Amino acid sequence: GDWSSDVCSSDLSVDLSFVNSIKRGDLINRITVEIDRAIQPIQIWIGIFVSSLNIFLFTSLLILLSWKLTVLLVLLVPIPQLLTRSLVNQSRKYGVQLTGLNQDMASHFYEIVDGVKLVRSSCMEDHEYQKSVHYIHAKEKLMLDTEVNRSLFGPISEVTNIFVIFLLIWGGKLL
């Protein structure tokens, strides 16, 4: 049968107690997520096919124009990716650290607000204040490091790409 009619008939034959127990928005969201999940492999395969076809066509064209320059291109193209990969990995590391720090900060501030009477009665105000200052300074430093890393990505990528283009032109002149 038709895929869409199978989905509709299975959705309409669900137990009414289940339908009444779940929020409508959650149910619609689940259906949408499942449809997207079913379509995603098709999108991936189409993308792989189109990319493969493009690579094959452009590589064939480059080889026809100059196989020597094609070899030089294949050797030079990974250079920008290798140089920027460390920045990407560092960015991921900063993201994980920032998530953990935000969770720790939220937990700390929740505990202070929730237990303000206990903090005051045990004379821990200064300790909790210093701990809060530490979290804030740690977040400021991490945000600065993240911004510096993000800001370096574009210029480093552009300079290495220009360098590769320069080497290709120079190699083309020599060949």
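You'll find the structure just up there.
Reading the values: the criteria
Residues numbered from 1 in each chain as written. Predicted model: local features only at pLDDT ≥ 70, side-chain atom pairs only at ≥ 80, totals over all residues. Heavy atoms only, no water. Helix = DSSP H or I, 4+ residues; strand = E, 2+ residues; numbered from the N terminus. Contact = heavy atoms within 4.5 Å. Areas by Shrake-Rupley, 256 points an atom, 1.4 Å probe, with all protein chains shown as cover. Salt bridge = Lys/Arg side-chain N within 4 Å of Asp/Glu carboxyl O. Buried < 20%, exposed > 50% of the residue type's maximum accessible area, 1.4 Å probe, protein only. Axes fitted to C-alpha atoms, helices over the stretch in contact; angles between N-to-C directions. Parallel < 35°, antiparallel > 145°, perpendicular 65-115°, else oblique. Left-handed = near helix turned anticlockwise from the far one by under 90°. Nonpolar A, V, L, I, M, F, W, Y, C, P; charged D, E, K, R; others polar.

What to know about the overall build of the protein
Across its full length, the protein holds seven helices and zero strands. Going from the N terminus to the C terminus, the protein shows its helices and strands as α-α-α-α-α-α-α. Sequence-distant contacts, at least 24 apart, represent 77% of the contacts inside the protein between residues at least 6 apart. Entry remark: accessible area of the protein is about 13800 Å², with carbon and sulfur atoms responsible for 68%.

Points about the pattern of salt bridges
With the rule as written, the count across this model stands at three salt bridges. Measuring nitrogen to oxygen at the nearest pair gives 3.3 Å for the salt bridge that ties Arg37 to Glu34. Taken as a pair, Arg37 and Glu34 lie in helix 3 (residues 24-65) at a separation of three residues, close to a single helical turn. Residues Lys141 and Asp145 are paired through a salt bridge, measuring 2.8 Å at the closest nitrogen-oxygen approach. Residue Lys141 and its partner Asp145 are located together in helix 7 (residues 125-174), separated by four residues, close to a single helical turn. A residue is classified by how much of its surface remains accessible, and Lys141, at 52% relative accessible area, is exposed. Owing to a relative accessible area of 22%, Asp145 belongs among the partly exposed residues under this scheme.

Remarks on the environment of Ile22
Position of Ile22 among the secondary structure elements: in the loop between helix 2 (16-21) and helix 3. The contact partners of Ile22, leaving out residues within four places of it in the chain, are Leu27 and Arg30.

Quick word on the packing of helix 4 (residues 67-76) against helix 7
Two elements in contact, helix 4 and helix 7, have axes separated by 10 Å at closest approach and are oriented at 160°. Considering the angle they form, helix 4 stands roughly antiparallel to helix 7. Here helix 4 runs over helix 7; the crossing is right-handed. Counted together, Leu69, Leu72, Leu73 and Leu76 of helix 4 and Val164, Leu167, Leu168, Gly171 and Gly172 of helix 7 form the full contact between these two elements. Class assignment of the residues belonging to the contact of helix 4 with helix 7 gives a composition of seven nonpolar, two polar and no charged.

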